[in-house]
Amino acid sequence: MISGERTEKFMISVQIENAKLKMEFDTGATLTSMSMRDYRKLNIGKRLFHTDIKLRTYTGEVIKPVGVTYVKCKYQEKEFHGKLYLINGNVDPIFGRSWMKELENLNLADIKTIQDTKNLELDQLLQLYKTSVFKSDLGKIPNYKGHLNLKENTQPIFIKPRRIPYALKTKVDEEIERLCKLGVITKVDHSEWGTPVVPVVKPNGSIRLCADYKVTLNKVILDEQYPIPMIEDIFAEMNGGKLFCTLDITQAYLNMVMDDESAMLQTLSTHKGTYKVNRLMFGVKVAPSLWQGFMDRLLQGLEGVKCFFDDIIIQGDSKEKLLQRLKLVLDKLKESNLRVNKDKCQFFKTSINYLGHTIDKDGLHKNKDKINAIIKTERPVRTSLHAMFLRGELRRPSVKHQPHPIKEFNPGDRIQARDYTVGSTQRWRFGSIQERLGRLHYKIITDDGSVWRRHIDQLLAAPLVQS
């Protein structure tokens, strides 16, 4: 029996139509597939058919084939016809179970084994950090304490605890006890500072304990001047990458210990008493800057690596390079006693979603999931729907991303103008441009004879056909 472990590749020499090639004999693959690049090299020229089949790798990545073709295959003296699924991307040819069933009396001695060092080394690497970086407990950064600075002449602010709904009281009590056991909060007899807690119910029914710092600490705390990285800088660092990994830091802020003074500033006022917060708390307005500054210093000097708060992205132009960089990052996280949620991580992906965009070897693309609502919107067929669509569902693009300048109107152009007439039941009225009053203002006359002055944002181009 052939081993099903991912750490080995079993190669088989086959002939497809008149071309010979080697394919990976993979008992874990249901279907047979290869990349479009390898298929073109075979110079077969078979017709390609549409398919709704989706393939899933062992890492969970879903791959949509470009299509499927029917080919004649020959292994030694055995000939058969089978389906071959074609994939975009750099993937190895796979001889799956759909073709294996056609082979009888297979001689395993003819199948040669090579080592898949990437999978083997990745599995071994992750195993090395199983009891440190990938632990499920809360981390604690050693030899480092965060500090909050207040404005001069600041007076302490204490807000009494808010009422907790009876239905949530038991869960809130349990969450407070859990945070006490973790050392995140500690009960104190007296505090001049106190911020009321706000329980937030998570989708799984559990409670997240938040604090309403906007009514207390955030009013008097000094802003941190550390810059949050620009999205463009992050994507620029990914240039040249062909494979990508992402790491998700577990409960990022809570890994950072605060000094005693700052812990008291973050004190929570609850129905069970007051609790100082020993870790950097969510809701403190400078928390993002404090955390980002720490992570940037931690990962400083690592090429192909960027961090945006609790999300780390790593790129490499080869498997070996990406594996090397991944190890360096995991070493840094281990040194700082940080934890990573493995279930939210992605390893060795040719395409990856990050901060609302899709990144691959060809660059940066719009995430299709983010624009599906616009793409699938039906074309309006009535004037009222057309105006509603333009006004309510699409905003003018920002100047930065606007491919063309804002439309200008000329005298005589038919338009719809925003109606601000008191008592009017219509929001928009049809009319025409009479003259231009400046770069962005126009004098218009409505179809009922009213003369208005309107900004360009208060005008819409009228449809060609009015209903």
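Rules of the game
Residues numbered from 1 in each chain as written. Predicted model: local features only at pLDDT ≥ 70, side-chain atom pairs only at ≥ 80, totals over all residues. Heavy atoms only, no water. Helix = DSSP H or I, 4+ residues; strand = E, 2+ residues; numbered from the N terminus. Contact = heavy atoms within 4.5 Å. Areas by Shrake-Rupley, 256 points an atom, 1.4 Å probe, with all protein chains shown as cover. Core = buried A, V, L, I, M, F, W, Y, C linked by side-chain atoms within 4.5 Å. Buried < 20%, exposed > 50% of the residue type's maximum accessible area, 1.4 Å probe, protein only. Pairing = 2+ DSSP bridges. Axes fitted to C-alpha atoms, helices over the stretch in contact; angles between N-to-C directions. Phe/Tyr/Trp six-rings, centres within 6.5 Å; stacked < 30°, edge-to-face > 60°. 1 Å grid on protein atoms, 1.4 Å probe; cavity = no way out; pocket = protein on both sides within 12 Å on 5 of 7 lines; lining within 4 Å. Points joined across faces, edges and corners; volume = space filled by probe spheres on them. Nonpolar A, V, L, I, M, F, W, Y, C, P; charged D, E, K, R; others polar. Polar contact = N/O pair within 3.5 Å; in protein donor to acceptor, adjacent residues only side chain to side chain. pLDDT = per-residue confidence, 0-100.

1. Observations concerning the overall build of the protein chain
When its secondary structure is counted, the protein chain shows 11 helices and 26 strands. Restricting to contacts in the protein chain with at least 6 residues of sequence separation, those with at least 24 account for 67%. When the accessible surface of the protein chain is totalled, it reaches about 27500 Å², and 50% of it is carbon and sulfur.

2. Observations regarding the nonpolar core
One finds Leu247, Trp291, Met295, Ile312, Leu333 and Phe347 to be the most contacted residues of the largest nonpolar core, which totals 65 residues. For Leu333, the residues in contact, after removing those within four places along its chain, are Val133, Leu247, Met295, Leu298, Ile312, Leu338 and Val340. Membership of the second largest hydrophobic core comes to 22 residues, among which are Ile16, Tyr39, Val71 and Leu84.

3. A few points about the sheet that holds strand β19 (residues 351–354)
Taken together, the 3 strands give an open sheet; going across it, the order is β19-β20-β21, and neighbouring strands pair in antiparallel fashion. The strands lining the two open edges of the sheet, one partner per strand, are β19 and β21 (363–366). Pairs of neighbouring strands in the sheet enclose a mean axial angle of 30°, with direction left out of account. In this structure, strand β20 (residues 357–360) lies alongside β21, joined through 4 bridges in antiparallel fashion. Looking at the pairing, Asp360 lines up with Gly363 of β21.

4. Side note on the packing of aromatic side chains
The geometry of an aromatic ring pair is captured by the separation of the ring centres together with the interplanar angle, meaning the angle of the planes. If you walk through the whole model with that rule in mind, you get 10 aromatic pairs. Plain terms: the ring middles of Phe49 and Tyr70 are 5.7 Å apart, the flat faces sit at 75° to each other, and that makes the pair edge-to-face. With a gap of 21 residues between them, Phe49 in the loop between α1 (36–42) and β4 (55–56) and Tyr70 in strand β6 (residues 67–75) connect regions that are remote in the sequence. In this structure an aromatic cluster arises from ring pairing among Tyr144, Tyr253, Phe282, Trp291 and Phe294.

5. A look at the layout of surface pockets
Empty space within the second largest pocket amounts to approximately 780 Å³. Secondary structure elements with two or more residues in the lining of the second largest pocket: α4 (166–182) and β12 (207–211). When residues in the lining of the second largest pocket are grouped by element, the largest group, 6 residues, is from α4. Tallied by class, residues from the lining of the second largest pocket come to 16 nonpolar, 5 polar and 12 charged.

6. Some remarks on unusual backbone geometry
Backbone geometry places Gln251, a non-glycine residue, at a positive phi of 45°. Positive phi values are uncommon outside glycine, yet Asn337 reaches one of about 60°. Relative to the elements of secondary structure, Asn337 occurs in the loop between α9 (319–335) and β18 (346–349). On the basis of relative accessible area, Asn337 is assigned to the partly exposed category, the value being 28%.

7. Some remarks on the environment of Arg339
Tracing the sequence through the fold places Arg339 in the loop between α9 and β18. The class for Arg339 is buried, based on a relative accessible area of 6%. Here the alpha-carbon distance between Arg339 and Asp248, two residues 91 residues apart in the chain, equals 8.6 Å. Residue contacts for Arg339: discarding those within four places in its chain leaves Ser132, Val133, Lys135, Asp137, Leu138, Gly139, Asp248, Ile249, Thr250 and Asn255. Polar contacts involving the side chain of Arg339 include one to the main-chain carbonyl oxygen of Ser132, which spans 3.3 Å. At 2.6 Å, the side chain of Arg339 and the side chain of Asp137 are in polar contact.

8. Looking at the environment of Lys285
Among the structural elements, Lys285 can be located in the loop between β15 (273–277) and α8 (287–298). For the pair Lys285 and Asn218, spaced 67 residues apart in the sequence, the C-alpha separation amounts to 6.0 Å. Not counting residues within four places of it along the chain, the set of residues in contact with Lys285 comprises Asn218, Ile221 and Asp223. For Lys285, the side chain forms a polar contact with the side chain of Asp223, separated by 3.1 Å.

9. Re the confidence of the model for the protein chain
For the protein chain, per-residue confidence averages 82 on the pLDDT scale, and 85% of positions sit at 70 or higher. For residues 1–7, every residue scores under 50 in pLDDT, and the model assigns this stretch 17 contacts once sequence neighbours within four places are set aside. Predicted confidence is poor over residues 113–118, with pLDDT under 50, and the contacts of this stretch with residues over four places away or in other chains come to 15 contacts.

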